[in-house]
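Observations on the three-dimensional arrangement
Residues per chain, in single letters:
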Amino acid sequence: MNVPSALEQDYSQDPRIPDKQYFRIGEVAEIVGVESYVLRFWETEFVELTPTKSKSNQRMYSQRDVGLVLRIRDLLYEECFTIDGARRQLKMGATAQKTVPARTSAVLESVRKDVQGLLQLAKE
């Protein structure tokens, strides 16, 4: 199965992105909810994130860039990935399935049985 990488994926369809072609770093920071220095740091950590520079040397983010920044933010802040983990997720692509390690599945099954046992005791 050929999974598209972060470079091939289109993140620009995110409804949080205003209908505009290019954004300055301050606008992106406001949309995403982080400071400008965080965006500059992410540019060094995520090779997929490459905003163009204007003639006056200002960063200009395309809709695709803003969508990618939102995805990075979601991975780091909402899904609690590390930067390395977020990099791996982006490389795996959006269609990659999330797998649960066997040990985790076993622990979850054990907890599920314990909870069902407790519910049965509570009913009695």
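My aim in this report is to walk through the structure given alongside it, one point at a time.

Definitions and cut-offs
Residues numbered from 1 in each chain as written. Predicted model: local features only at pLDDT ≥ 70, side-chain atom pairs only at ≥ 80, totals over all residues. Heavy atoms only, no water. Pairing = 2+ DSSP bridges. Helix = DSSP H or I, 4+ residues; strand = E, 2+ residues; numbered from the N terminus. Contact = heavy atoms within 4.5 Å. Axes fitted to C-alpha atoms, helices over the stretch in contact; angles between N-to-C directions. Buried < 20%, exposed > 50% of the residue type's maximum accessible area, 1.4 Å probe, protein only. Polar contact = N/O pair within 3.5 Å; in protein donor to acceptor, adjacent residues only side chain to side chain. Core = buried A, V, L, I, M, F, W, Y, C linked by side-chain atoms within 4.5 Å. Parallel < 35°, antiparallel > 145°, perpendicular 65-115°, else oblique. Nonpolar A, V, L, I, M, F, W, Y, C, P; charged D, E, K, R; others polar.

**With respect to the sheet that holds strand β3 (residues 59–62)**
Strand order in the open sheet made by the 3 strands is β1-β3-β2, with antiparallel pairing throughout. Every interior strand has two partners, whereas the edge strands, β1 (22–24) and β2 (52–53), have only one. Pairing geometry for β1 and β3, over 3 bridges, is antiparallel. The residue of β3 that forms the bridge with arginine 24 is methionine 60. Contacts from helix α3 (residues 63–78) reach β1 and β3, with the element oriented near 85 degrees to β3.

**Things to note about the side chain of aspartate 74**
One can find aspartate 74 in helix α3. Using a relative accessible area of 15% as the deciding quantity, one classes aspartate 74 as buried. A distance of 2.9 Å separates the side chain of aspartate 74 from the side chain of arginine 16, its partner in a polar contact. When sequence neighbours within four positions are dropped, the list of residues in contact with aspartate 74 reads Arg16 and Glu79.

**A few points about the nonpolar core**
With 22 residues, the main nonpolar core has Val28, Leu39, Trp42, Leu49, Tyr61, Val69 and Ile72 as its most contacted residues. Of all the elements in the fold, those that place two or more residues in this core are α1 (25–32), α2 (36–45), α3 and α4 (83–92). Top contributing element to this core by residue count: α3, with 7 residues.

**Some words on the packing of α2 against α3**
Any two packed helices are characterised by the angle at which their axes cross and by the distance between the axes. Running from amino to carboxyl end, α2 crosses α3 at an angle of 95 degrees, the nearest separation of the two axes being 12 Å. In terms of orientation, α2 and α3 fall into the roughly perpendicular class. In contact with Val38, Leu39 and Trp42 of α2, α3 contributes Val69, Ile72, Arg73, Leu76 and Tyr77. Counted by class, the contact of α2 with α3 contains 7 nonpolar, no polar and 1 charged residues.

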